[in-house]
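Letter by letter, the chains look like this.
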Amino acid sequence: MSARHKRKKVAALACAAAVAFGAGACSSSGGGSGGGTGADGVADGKPLDPNATVTISIDCAPASDQPGLQAQYNDDLATFKVKYPHVTVNPLPKTKCEDPATFTAMLKGHTETNAFYAYFTDQNQVLNSGDAADISAYVNPQTVPGIKDLLPTVTKEISNGGKLYALPRLYYTTGLIYNRDLFKRAGLDPDKPPTTWADLAADAAKISALGGGITGYEDYSGGNTGGWHFGDEIDSVGGALTTPDGTKAAFNNAQGRQVLQNLYDMRWRTGGIGATPVTQWADAFPPLASGKVGMIIGAPDVISHLTNSLGATPQQWGLGPMPGLSGPAPATQDGGDLFYVKKSDTPNQIKAAIAWINYEYMTPGQGQFNYARNVGLSGDPGTNKFIAVGLPEPQLWAPNTAMAQADAAALKAANANMPVANYAPYLENPVPGVGEPPIAAQQIYAVLDNAMSAVMTNKNANIPQLLGDAESKVNQILANQ
Amino acid sequence: MAVVISPGRAETRIAVRRARGRFLREARRNAQAHGFLIGSVLCFALFTWYPMIREIVESFQRLHYGRTTFAGLRNYRQITADPFFWQAWRNTLQFTGLALLFGFALPFAVAVVINEFRHAQAYLRVLVYLPVMLPPVAGILLFRNYFMDPTNAGLLNQLLHAAHLPASQWWGAAPSAMPSLVIISTWSNMGGAVLIYLAALQGIPGELYEAAEIDGAGLLKRIWHVTVPQTRTILSLLLMLQIVATMQMFTESFVATGGGPESSTVTVVYLAYNYAFQFSNFNTAEALGVIMFIVLGVFSVLYVRLERRGNEA
């Protein structure tokens, strides 16, 4: 056999082995990165020993397309390092903190970072995966001073069955986002957004009358977002999606009909809603940012998305309370996000993760609440270096608690770069938040997408029939859980 | 004690030794090929067969708070009781039927026309293939937002308006949503099929057309009696591939319509996606995947048998 032939054979075998090993490497599930190089520590309820050497990874760090927020995050990492010189925090940058499909795949593959981001509504699937640590033994007023001052609704979302599983980053209640410039052009008072659905419909019609492809109001109708907004809107007129225990549909009634009738009238009678349906979460924002839509129901962070990512001017946007029947709504859906800690972490990694989350997300005057520093680091509005300061969120603290007061004082001292006065209608009319359906929320939303899209795309939509059909489908789904 | 070897046993030994030598020589000669083969087989085993087997196994399991248990047919009962299950199948079949009508016949017709051109064939091939090179999401959004906007600003509605025809709501209304997705899908995918048909057409000997022309056959007769029989194998192969691909339609629904309006574009794969990634129920999504796999498997077997019977006849 020639040397050349031998070499070829060796190369072939090496290649096959590389493929085999490469494939094996790809198919193995990675654990969390890092690990304690010293003692693993114990779950003694004490804060992390500043001399402990620990490495943790955490996701939801700002990505390179958000240089302003990235600078803020890096500054926080450096300050944290001074306090814990032997702790290494490896951030995993993400443009969008959670993509539902990737998130589910991550849980399935058990490839979470040591501390990992999730929405409130992910609790079932996170606990089902078996990957979340019970951190009850680690969290107390000594390790997380703000824990006792959280809003009760937030405390409910981070716990399950009497155990604590997560620490919060953000909480919000839905309101009305509106374009103040379009309000002025339509002869409306931008300081007085509509507080009832009847007023909203009338204002939407006036804005649509401006012409040039401008629409007064837009609402979702696909990708499970239609049902989500139906839930928001039925809460706002005193109804609910399901019974309190979540086992039966509760929307086939006068309130449910009212929600759909209102949308139907705006689309087909008064012209407040345009012909192009909004079928995905992200589809709503380009027309808003380009000044083609007057109003939408949404959380305050919609404004930061419009200004930070889509280059809209902060002064253009106002925030009002969720409209109701005779004034601001009696209730509206709430939401938020949080961090779980991975079950396979060592006690010291859990302590380090808690210390970092507490520093970055739960301490007035520090991390995300370090408003003065954030204003200083912020670039110009309309650029991706802009850091919005002054929006009414993350809303973690219960009113009149020490944390709430400290947070308000820090904001006051910082000279917010967002027009805080534009959010006065929202802040002066606080609407209590209610959680999403406790069972099969996304499946319920998928069913109600049908009714939402029907009233906004089908002139012959039969509202009682749509609700009756949706009710039987939702009950069928709930009976099968 | 002396061992006596009978002549028969000695011959057998020699024969075995020769066979072993042949095998080793063969193995040595093919070592390189086997090396490459092992890699491919391992890749298939790890990334195709193993996930398939795993999917079937998991479709009979249930994950609850980190514990996986055997669930029998529970996931299958749950998915078949889902109110969208039958609607998703109806929508999928509607898409497949329409996509075959347009997506199968149109590329063939386009290939025949391009084949008739003596000049500019290369340019036409590039033009037809261009949409395939666009990333699918960009192509779908381009078509949806600029061509098929349900308002009067959409290009297609402006064309309809210019022709004094009523505007359409396109993907913005239930009756026209699925046909709109078929148009988008045909536009973005037909380039590949056109190139395959063109290659087949160019393999047809010119003498056949000349003979048909001498016999007085016009264009349509030439296509029917020469082109179609000569490209039959390619046509039937693409037909089967097209049916399998269209039954798995997802991207168009996911990107353009979010399953709406009125669930008119919820397909089987879209429903499986929803179960896995929106409803966080992987096991039920896997049960639906297995049902889809069985349906496509049965179809493929039937198709191959019918095809074989057709060839024998």
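As the structure is a computational prediction, the values presented were derived from the model and not from experiment.

What follows covers the pairing of strand β7 (residues 175–179) of chain A. Residue and element names in this part refer to chain A. By the criterion of burial, β7 is predominantly enclosed, with five of the five residues buried. Across four bridges, β7 lies against strand β9 (residues 293–298) in antiparallel orientation. Among the inter-strand pairings, Gly175 is bridged to a residue of β9, identified as Gly298. By the bridge criterion, four bridges tie β7 to strand β10 (residues 317–320) in an arrangement that is antiparallel. From the neighbouring strand, Asn179 faces β10, where its bridge partner is Trp317.

Moving on, we come to empty space enclosed by the protein. This structure, assessed with the given rule, holds three cavities of 30 Å³ or more. Space inside the largest cavity adds up to approximately 80 Å³. If you go around the largest cavity, the residues you meet are Asn224, Ala446, Asp449 and Asn450 of chain A together with Phe84, Gly258, Gly259, Gly260, Ser263, Val266, Tyr270 and Asn274 of chain B. Residue composition of the lining of the largest cavity, grouped by class: four nonpolar, seven polar and one charged. The calculated volume of the second largest cavity comes to roughly 70 Å³. For the second largest cavity, the full set of lining residues is Val112, Asn115, Glu116, Leu201, Tyr209, Leu219, Arg222, Ile223 and Thr227 of chain B. Contributions of two or more residues to the lining of the second largest cavity are made by α5 (105–116) and α11 (219–230) of chain B.

On to the interface of chain B and chain A, then. The partner chain A presents 50 residues to the 48 residues of chain B that form the contact. A combined buried area of about 3,800 Å² lies between chain B and chain A, and 58% of that area is made up of carbon and sulfur atoms. Where chain B meets chain A, there are two salt bridges. Lys108 of chain A is paired through a salt bridge with Glu58 of chain B; the nearest N and O atoms lie 3.2 Å apart. The leading source of residues in the side of chain B that touches chain A is helix α2 (residues 31–58) of chain B, at ten residues. Here the side of chain B that touches chain A is built from residues that sort into 25 nonpolar, 16 polar and seven charged.

Split by domain assignment, chain A resolves into domain 1 (54–171 + 335–414) and domain 2 (175–298 + 439–479). Using C-alpha coordinates to define each centre, domain 1 of chain A is positioned 32 Å away from domain 2 of chain A.

When the charged atoms of two side chains with opposite charge come close together, those side chains can pair. Residue and element names in this part refer to chain A. Per the counting criterion, the structure on display carries 13 salt bridges over all chains. Residues Asp337 and Arg169 are paired through a salt bridge, measuring 3.1 Å at the closest nitrogen-oxygen approach. Here the residue Asp337 occupies a position in strand β11 (residues 332–341), and Arg169 occupies one in strand β6 (residues 166–173), the gap between them amounting to 168 residues. Residues Asp337 and Arg169 agree in their burial class; the two are buried.

On to the state of the cysteines, then. Residue and element names in this part refer to chain A. In the structure shown here, the tally under the stated rule is one disulfide over all chains. Shown here is the disulfide that connects Cys60 with Cys97, its sulfur atoms set 1.8 Å apart. Negative torsions about the S-S bond denote left-handed disulfides, and the value of about 70° found for Cys60 with Cys97 makes this one right-handed. With Cys60 in strand β1 (residues 54–61) and Cys97 in the loop between β2 (87–93) and α3 (100–109), this residue pair connects regions lying 37 residues apart in the sequence.

Of all hydrophobic cores here, the largest spans 95 residues; its most connected members are Tyr217, Phe230, Phe251, Met295 and Val455 of chain A. Sequence-distant contacts of Met295 of chain A, that is, excluding residues within four places in its chain, are made with Leu176, Ile177, Tyr178, Phe183, Pro194, Leu200, Asp203, Ala204, Ile207, Gly216, Tyr217 and Glu218 of chain A.

So, about the layout of surface pockets. All names here are of chain A. Estimates place the volume of the second largest pocket at around 920 Å³. Along its surface, the second largest pocket is lined by 33 residues, and Pro392, Glu393, Gln395, Trp397 and Leu427 are the ones closest to its centre. When contributions to the lining of the second largest pocket are tallied by element, the ones reaching two or more residues are β6, α14 (402–414) and α15 (424–428). Examining the composition of the lining of the second largest pocket, we find that five residues originate from one element, α14, more than from any other. Of the residues in the lining of the second largest pocket, the class split is 23 nonpolar, seven polar and three charged.

For the rest of this paragraph, the subject is the domain arrangement of chain B. Domain annotation of chain B identifies domain 1 (10–48) and domain 2 (85–265). Between domain 1 of chain B and domain 2 of chain B, the C-alpha centre-to-centre distance is 47 Å.

With respect to the helices and strands, Val255 of chain B occurs in helix α13 (residues 251–257). Its relative accessible area of 11% is what places Val255 of chain B among the buried residues. Taking C-alpha positions, Val255 of chain B is 39 Å from Arg308 of chain B, a pair spaced 53 residues apart along the chain. The residues contacting Val255 of chain B, other than those within four sequence positions of it, are Gln280 of chain A together with Val137, Ile140, Leu141 and Arg144 of chain B.

In this section: the packing of helix α7 (residues 136–147) of chain B against helix α9 (residues 174–202) of chain B. All names here are of chain B. Between α7 and α9, the shortest axis-to-axis distance is 10 Å and the interhelical angle comes to 130°. It follows from the interaxial angle that α7 and α9 lie oblique. The handedness of the crossing between α7 and α9 is right-handed. Across from Gly139, Ile140, Leu142 and Phe143 in α7, the residues of α9 making contact are Ile183, Ile184 and Trp187. Of the residues in the contact of α7 with α9, the class split is six nonpolar, one polar and no charged.

So, on to a positive patch on the surface. A surface patch of like charges, here positive, comprises Arg9, Arg13, Arg17 and Arg20 of chain B. Looking at the element boundaries, Arg17 of chain B is found in helix α1 (residues 7–29).

Residue and element names in this part refer to chain B. Structurally, the position occupied by Ser176 is in helix α9. Within polar-contact distance, the side chain of Ser176 engages the backbone oxygen of Trp170 at 2.5 Å. With residues near it in sequence (within four places) discarded, Ser176 still touches Ser168, Gln169 and Trp170.

Quick look at the sheet that holds β10 of chain A now. All names here are of chain A. Strand order in this open sheet of four strands is β8-β9-β7-β10, and the pairing throughout is mixed. Edge positions in the sheet fall to β8 (215–217) and β10, since each of these pairs with one other strand and no more. For this sheet, the mean inter-axis angle between neighbouring strands, taken without regard to orientation, is 20°.

What counts, and at which threshold
Residues numbered from 1 in each chain as written. Chains lettered and ligands numbered in written order. Predicted model: local features only at pLDDT ≥ 70, side-chain atom pairs only at ≥ 80, totals over all residues. Heavy atoms only, no water. Buried < 20%, exposed > 50% of the residue type's maximum accessible area, 1.4 Å probe, protein only. Helix = DSSP H or I, 4+ residues; strand = E, 2+ residues; numbered from the N terminus. Pairing = 2+ DSSP bridges. 1 Å grid on protein atoms, 1.4 Å probe; cavity = no way out; pocket = protein on both sides within 12 Å on 5 of 7 lines; lining within 4 Å. Points joined across faces, edges and corners; volume = space filled by probe spheres on them. Nonpolar A, V, L, I, M, F, W, Y, C, P; charged D, E, K, R; others polar. Contact = heavy atoms within 4.5 Å. Buried area = accessible area lost by both parts, 1.4 Å probe. Salt bridge = Lys/Arg side-chain N within 4 Å of Asp/Glu carboxyl O. Domains from an automatic or database assignment. Disulfide = S-S within 2.5 Å. Core = buried A, V, L, I, M, F, W, Y, C linked by side-chain atoms within 4.5 Å. Axes fitted to C-alpha atoms, helices over the stretch in contact; angles between N-to-C directions. Parallel < 35°, antiparallel > 145°, perpendicular 65-115°, else oblique. Left-handed = near helix turned anticlockwise from the far one by under 90°. Patch = residues over 30% accessible without salt bridge, like charges linked within 9 Å, V, L, I, M, F, W, Y side chains within 5 Å. Areas by Shrake-Rupley, 256 points an atom, 1.4 Å probe, with all protein chains shown as cover. Lys, Arg positive; Asp, Glu negative; His and termini not counted. Charge placed at Lys NZ, Arg CZ, Asp CG, Glu CD. Polar contact = N/O pair within 3.5 Å; in protein donor to acceptor, adjacent residues only side chain to side chain.

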